[in-house]
Amino acid sequence: MEKISVAIPTHNRASLLEEALESVYSQTLLPNEVIVAEDGRDNKTLEIIQRYQNKNKNIQLVHFVNDPPLKQLKNRQLAISSTTGDYIAMLDDDDKWDIHFLEKTYLALTKSKLCDFCSTDHYFMNEHGDVLMDNSMEFSKYCGRDRMKEGEYNDVFLRVISNKASIYSLQHTLFRRKALEEVGFFQPFGEMVPDFMLFLTLGLHRKISYYIPERLGYCRIHSGQQTNQRLTNSQDRVEGLLSLYKKNKEQFQGNEFKIFKEKYGVSVLERSIAYLHEQKRKEAVVGLGDLHTLKSYRLPIQRVSVYLLLLLGVRKRK
């Protein structure tokens, strides 16, 4: 019988981890296995995991502890590559699922045999767990999910690279194991943007997605998120895109490289803007030299204007 595994990376978030685990153990289709990879040792986390290990003996809960910590990307890789299931989902320790998430995504993949993963939309919630409906709807529109209907999509790469944010949510996706194994699970670059790099790689390897336009999970917005680290995120995005190109340059088809090159150029520009926000003018100027790497010179005028104004010391009034 086919097995479903859930991978949860965590770091010093015991109370939030408990909510995530509760949402896994409340699924209408329960997983066979849960892997929790803890980056650093925390006694409260251990207590919660031991409690859930005794909650349902039909679910094998495995706990890894990295001491010293491996950092985000390596810990994610440990969590997801340690699973043994035929289907794998990853849930961050500060997020949670609707009770029907695994059942609906699993049924979609069993019916659509050619699809390699199934993604859904999700809600945003604040640190207290209250749903932020306006944020949820705005983000669906921002990343392009509002234009997607239920069904199969064989243009994964173009959908990911062409939108302002990843159209597929890592925390709300069920993967076939063989698709992840083929690309080596997470890529060894793009430390702070592993989901973006993974879906781009899957797209370049012609993997097919199935999309369900239902909000079957909850992403938490809070001050401790790594997405708040603007400069580090932009640095890793540039490094990740260039590494992705070098590793997969033979995989591009049609106009994919042209669109990719534009995304790389915009990412280089955004990194320089982030440098300027941190008062690092030299890095902001020198960093634009990376535009020559892929000859990425087509840039949005509005963002170029922002860069120039910041370079001149002009800032928006608060």
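Please read these numbers as outputs of a predicted model, since none were measured by experiment.

Undergrad: Can you help me understand the overall build of the protein chain in this one?
TA: Broken down by element type, the protein chain carries 12 helices and 9 strands. The C-alpha atoms of the protein chain give a radius of gyration of 20 Å, which matches the 20 Å a tight globule of 318 residues would have. The principal-axis extent of the C-alpha atoms belonging to the protein chain is close to 60 × 45 × 35 Å. Across the 318 residues of the protein chain, 52% fall into the buried class. For the protein chain, restricting intrachain contacts to residue pairs at least 6 apart in sequence, the fraction spanning at least 24 positions comes to 79%. For the protein chain, the exposed area adds up to about 15600 Å²; of that, 50% sits on carbon and sulfur atoms.

Undergrad: Would you mind showing me how to read helix 2 (residues 43-53) here?
TA: Because each turn of an α-helix spans 3.6 residues, side chains separated by three or four positions in sequence point in the same direction. Along helix 2, the positions that sit buried rather than exposed are Thr45, Ile48, Ile49 and Tyr52. In a view along the axis of helix 2, the buried residues occupy a sector of 95°, so they form one face of it. Facing away from the buried side of helix 2 by over 90 degrees, the exposed positions are Asn43 and Glu47. For helix 2, the elements touching its buried residues are strand 1 (4-10), helix 1 (14-25), strand 2 (33-39) and strand 3 (60-66).

Undergrad: Would you take a moment to explain the environment of tyrosine 25 for this structure?
TA: With respect to the element layout, tyrosine 25 can be found in helix 1. The buried category is assigned to tyrosine 25, whose relative accessible area is 9%. On a C-alpha basis, the gap between tyrosine 25 and isoleucine 59 in space is 8.5 Å, while along the polypeptide they are 34 residues apart. Each residue touching tyrosine 25, except ones within four places of it in the same chain, is listed here: Leu30, Val34, Tyr52, Lys55, Asn56, Ile59 and Leu61.

Undergrad: Which parts of the structure should I look at to understand the layout of surface pockets?
TA: Left-over empty space is what a probe sized like a water molecule reveals as it rolls over the atoms. Counted as a void, the second largest pocket has a volume near 270 Å³. Looking at the lining of the second largest pocket, the elements that each hand over two or more residues are helix 10 (256-277) and helix 12 (301-311). With 4 residues, helix 12 is the single largest residue contributor to the lining of the second largest pocket. Of the residues assigned to the lining of the second largest pocket, the class counts are 5 nonpolar, 1 polar and 4 charged.

Undergrad: What is the right way to read the pattern of salt bridges from this model?
TA: Between side chains of opposite charge, pairing is possible as soon as their charged atoms come close. Across all of its chains, the model carries 19 salt bridges by this definition. Here arginine 13 ties to aspartate 93 by a salt bridge, and the two come within 2.9 Å at their closest N and O atoms. In this pair, arginine 13 is assigned in the loop between strand 1 and helix 1 and aspartate 93 in the loop between strand 4 (87-90) and strand 5 (96-97), connecting sequence segments 80 residues apart. Connected via shared salt-bridge partners are Arg13, Asp93 and Asp94.

Undergrad: Could you clarify how one ought to interpret the side chain of asparagine 75 in this entry?
TA: Here asparagine 75 shows up in helix 3 (residues 72-81). For asparagine 75, a relative accessible area of 3% gives the class buried. Looking at asparagine 75, its side chain comes within polar contact range of the side chain of asparagine 66, at 2.7 Å.

Undergrad: I keep staring at a nonpolar patch on the surface and nothing clicks. Help me out?
TA: A contiguous nonpolar patch, built from Val131, Met133 and Met137 and spanning about 260 Å² of accessible area, is present on the exposed surface. By secondary structure assignment, the location of methionine 133 is in helix 5 (residues 133-143). On the accessibility criterion, methionine 133 (36% relative accessible area) is partly exposed.

Undergrad: What is the right way to look at the packing of aromatic side chains in this model?
TA: How two aromatic rings sit relative to each other is set out by the distance from centre to centre and by the angle between their planes. As enumerated under the stated definition, the model contains 19 aromatic pairs in all. Between tyrosine 25 and tyrosine 52, the aromatic rings sit 5.1 Å apart at their centres with planes inclined by 65°, giving edge-to-face as the arrangement. Taken together, the positions of tyrosine 25 in helix 1 and tyrosine 52 in helix 2 put the pair 27 residues apart, joining distant regions of the chain. With respect to class, tyrosine 25 is no different from tyrosine 52; both count as buried. Ring pairing ties together the aromatic residues Phe157, Tyr245, Phe252, Phe257 and Phe260, which thus form one cluster.

Conventions used here
- Residues numbered from 1 in each chain as written.
- Predicted model: local features only at pLDDT ≥ 70, side-chain atom pairs only at ≥ 80, totals over all residues.
- Heavy atoms only, no water.
- Helix = DSSP H or I, 4+ residues; strand = E, 2+ residues; numbered from the N terminus.
- Rg over C-alpha atoms; globule rule 2.2 N^0.38 Å.
- Buried < 20%, exposed > 50% of the residue type's maximum accessible area, 1.4 Å probe, protein only.
- Contact = heavy atoms within 4.5 Å.
- Areas by Shrake-Rupley, 256 points an atom, 1.4 Å probe, with all protein chains shown as cover.
- Arc of directions from axis to C-beta.
- 1 Å grid on protein atoms, 1.4 Å probe; cavity = no way out; pocket = protein on both sides within 12 Å on 5 of 7 lines; lining within 4 Å.
- Points joined across faces, edges and corners; volume = space filled by probe spheres on them.
- Nonpolar A, V, L, I, M, F, W, Y, C, P; charged D, E, K, R; others polar.
- Salt bridge = Lys/Arg side-chain N within 4 Å of Asp/Glu carboxyl O.
- Polar contact = N/O pair within 3.5 Å; in protein donor to acceptor, adjacent residues only side chain to side chain.
- Patch = residues over 30% accessible without salt bridge, like charges linked within 9 Å, V, L, I, M, F, W, Y side chains within 5 Å.
- Phe/Tyr/Trp six-rings, centres within 6.5 Å; stacked < 30°, edge-to-face > 60°.

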